[in-house]
2 protein chains.
Amino acid sequence: MTDTAATLASVPGVSAREAATQGFVFNHTMLRVKDAKASLDFYTRVLGFSLVRHSDFPEAAFSLYFLAIVDPAEIPDDDAQRKAWVAGLQGVLELTHNHGTESQDGPVYHDGNSEPRGFGHICVSVPDLRAACARFEDLGVPFQKRLTDGRMRDIAFIKDPDGYWVEVIQPTPLADA
Amino acid sequence: MTDTAATLASVPGVSAREAATQGFVFNHTMLRVKDAKASLDFYTRVLGFSLVRHSDFPEAAFSLYFLAIVDPAEIPDDDAQRKAWVAGLQGVLELTHNHGTESQDGPVYHDGNSEPRGFGHICVSVPDLRAACARFEDLGVPFQKRLTDGRMRDIAFIKDPDGYWVEVIQPTPLADA
């Protein structure tokens, strides 16, 4: 199968873009996390995200954390300006922390990859997949699938602190090892 | 609470970006879908996504569909070029269709918002939230939360064909109704 832009547009179900959707942005994906501090550490230190927005709702006992991979110098200082800026970005990860879950024993949330299934994973693409995987090993990050596991030797899956799968890919073909 | 870029950087768990993460891109979110045609219709016609890549795995009985909100004129025609281009984008939605689920009765996948919880939703931001919601009503899209429901009058949630929640927001404050 070799698609072109034209054959993609004729796949059953696919419509041409309607003018009414002009300016729509796929802004974010929300995951619930057990321990905000552990997740913020993982996404900022291991994967290079920046915390771009944060809201606490003490009466309702939850907090929201918005993360994106951006140049930190671009993050607007002003709260209202930053809120509008974040809502216009693509590739934002929203983490919801329900207060108190961090002191529960064991996993709190479901990764979606055993029954009942649904959500599967998020994915980060990196310029050098082998170097990225070697660094994840050095940092002690758990793997769901190493590059050397299974038949697909050009993708890896690591796990975030809640066990959500994070696929790691490289846009260009991997050179022979 | 009024954060600045500096207070965000000092939230517990948050690290400064490491040089080793240079070039990392939050590329995609993967959801399993019951009926590829119904989901492609929803994401392209209702939300303005384009199908940017498509792979069939007949032996393993599944297909992958990659969608992004892009100018269709930007989609590279060549398959290998397009694969690399898609992997470098932010805000890609990957839909996994396991062949045959479309003929099962009732919902096949779990939306993550009842037990066991985990994934919560994806979100699309739009330039005019009231106009977008009026259009969704006209198109017969089911709502999880209308603008007029509950206390938060500036966000809505619609549901995709599998019942996954899609939050809809506007970056700028809504004018009074």
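Counting from 1, residues in each chain are numbered in the order their sequence is written. As they are written, the chains are lettered A onward and the ligands numbered 1 onward, keeping that order. Totals for whole chains, interfaces and linings use all residues, but because this is a predicted model, local features are given only for residues with pLDDT of at least 70 and pairs of side-chain atoms are given and counted only at 80 or more. Note that the side-chain values use all heavy atoms of the structure and ignore hydrogens as well as water.

Looking up chain A in an unreviewed UniProt entry gives the name Lactoylglutathione lyase, with the organism given as Luteimonas colneyensis. Under the heading Sequence similarities (unreviewed entry), UniProt records this for chain A: "Belongs to the glyoxalase I family." The record held by UniProt for chain A lists under Catalytic activity (unreviewed entry) the comment "(R)-S-lactoylglutathione = methylglyoxal + glutathione". UniProt positions are given in the numbering used here, feature names are shortened, and annotations may be inferred rather than shown by experiment.

Undergrad: How do you make sense of the UniProt feature "domain: VOC" (unreviewed entry) in chain A when you look at a structure like this?
TA: On the UniProt side, "domain: VOC" (unreviewed entry) is annotated at positions that read residues 25-171 of chain A here. The helix and strand labels rest on DSSP assignments: H or I over at least four residues marks a helix, E over at least two residues marks a strand, and numbering proceeds from the N terminus. When the span residues 25-171 of chain A is considered, its composition is 21% helix and 34% strand, and the gap between its end C-alpha atoms is 22 Å.

Undergrad: What is the right way to look at the environment of B:R130 in this model?
TA: All names here are of chain B. With respect to the secondary-structure elements, R130 resides in helix α4 (residues 129-138). Take R130: its relative accessible area is 35%, and that puts it in the partly exposed class. Each C-alpha atom of the pair R130 and L147 lies 8.1 Å from the other, and the pair is 17 residues apart in sequence. Three exposure classes are used, based on accessible area relative to the maximum for each residue type with a 1.4 Å probe and protein chains only: buried under 20%, partly exposed in between, and exposed over 50%.

Undergrad: Would you explain the sheet that holds strand β3 (residues 62-68) of chain A in this entry?
TA: As a general point, the strands of a sheet are linked pairwise by backbone hydrogen bonds and lie either parallel or antiparallel. Here, strands pair whenever DSSP counts at least two bridges between them. Across the sheet, which stays open at both edges, the 8 strands sit in the order β2(A)-β3(A)-β4(A)-β1(A)-β5(B)-β8(B)-β7(B)-β6(B) with mixed pairing between neighbours. Of all the strands in the sheet, just β2 (50-57) of chain A together with β6 (143-145) of chain B have a single pairing partner and so form its edges. Adjacent strand axes in the sheet meet at a mean angle of 25°, parallel and antiparallel pairs treated alike. As judged from the 4 bridges shared by strand β5 (residues 119-125) of chain B and strand β8 (residues 165-169) of chain B, these two strands associate in the parallel manner. Looking across to β8(B), one finds that B:C123 is bridged to B:E167. Against the sheet, helix α3 (residues 79-88) of chain A engages β1 (25-33), β2, β3 and β4 (92-98) of chain A together with β5 and β8 of chain B, with an angle of about 115° to β2(A). To obtain an axis, a line is fitted to C-alpha atoms, over the contacting stretch when the element is a helix, and the angle between two such axes runs from 0 to 180 degrees between their N-to-C directions. Any two residues whose heavy atoms approach within 4.5 Å are treated as being in contact.

Undergrad: Which parts of the structure should I look at to understand the pairing of strand β8 (residues 165-169) of chain A?
TA: Remark: a regular strand shows side chains that alternate across the two faces of the sheet. All names here are of chain A. Counted residue by residue, β8 has 4 buried out of 5 residues, so it is predominantly covered. Here strand β7 (residues 156-159) runs beside β8; their pairing, made up of 4 bridges, is antiparallel. By the bridge assignment, K159 is partnered in β8 with W165. Counted between consecutive antiparallel strands, the loop separating β7 from β8 contains 5 residues, among which G163 sits at a positive phi close to 90°.

Undergrad: Could you clarify how one ought to interpret the interface of chain A and chain B in this entry?
TA: Buried accessible area, meaning the area lost when the parts come together, often serves as the stated size of an interface. Contact with chain A, which involves 81 residues of that partner, is made by 81 residues of chain B. Once two parts are put together, the accessible area they lose, assessed with a 1.4 Å probe and summed over both, is termed the buried area. Across the chain A to chain B interface the summed buried area is about 6900 Å²; carbon plus sulfur atoms make up 58%. The working definition used for a salt bridge is a side-chain nitrogen of Lys or Arg within 4 Å of a carboxyl oxygen of Asp or Glu. At the boundary of chain A with chain B, the tally comes to 2 salt bridges. Close ionic contact of A:E18 with B:R135 constitutes a salt bridge, the shortest N to O distance being 3.1 Å. Between N or O atoms, a polar contact is any pair within 3.5 Å; within protein, one atom must be a potential hydrogen donor and the other a potential acceptor, and residues adjacent in sequence are included only when both atoms are from side chains. Summed over the shared surface of chain A and chain B, the number is 45 residue pairs in polar contact (both at pLDDT 80 or more). A per-element tally of the side of chain A that touches chain B places β1(A) first, with 8 residues. In terms of strand pairing, β1(A) meets β5(B) through 6 bridges, oriented antiparallel.

Undergrad: Please explain the pattern of salt bridges as it appears in this structure.
TA: A side chain of one charge can pair with a side chain of the opposite charge when the charged atoms of the two come close. Applying the stated criterion across every chain yields a total of 10 salt bridges over all chains. In this structure, A:E115 and A:R117 form a salt bridge, with 3.5 Å as the shortest nitrogen-oxygen distance. Residue class for A:E115 comes out exposed when judged on its relative accessible area of 62%. Between B:R45 and B:D41 there is a salt bridge whose closest N-O contact spans 2.8 Å. Separated by 4 residues within a single helix, B:R45 and B:D41 lie in helix α2 (residues 36-46), roughly one turn from each other.

Undergrad: Sorry, what's going on with α2(B) here?
TA: All names here are of chain B. Taken residue by residue, α2 has A36, S39, L40, F42, Y43, T44 and V46 as its buried positions. For α2, the capping residue at the N-terminal end is D35, with a side-chain oxygen 3.1 Å from the backbone nitrogen of K37. Two residues or fewer after α2 comes G48, characterised by a positive phi angle close to 85°.

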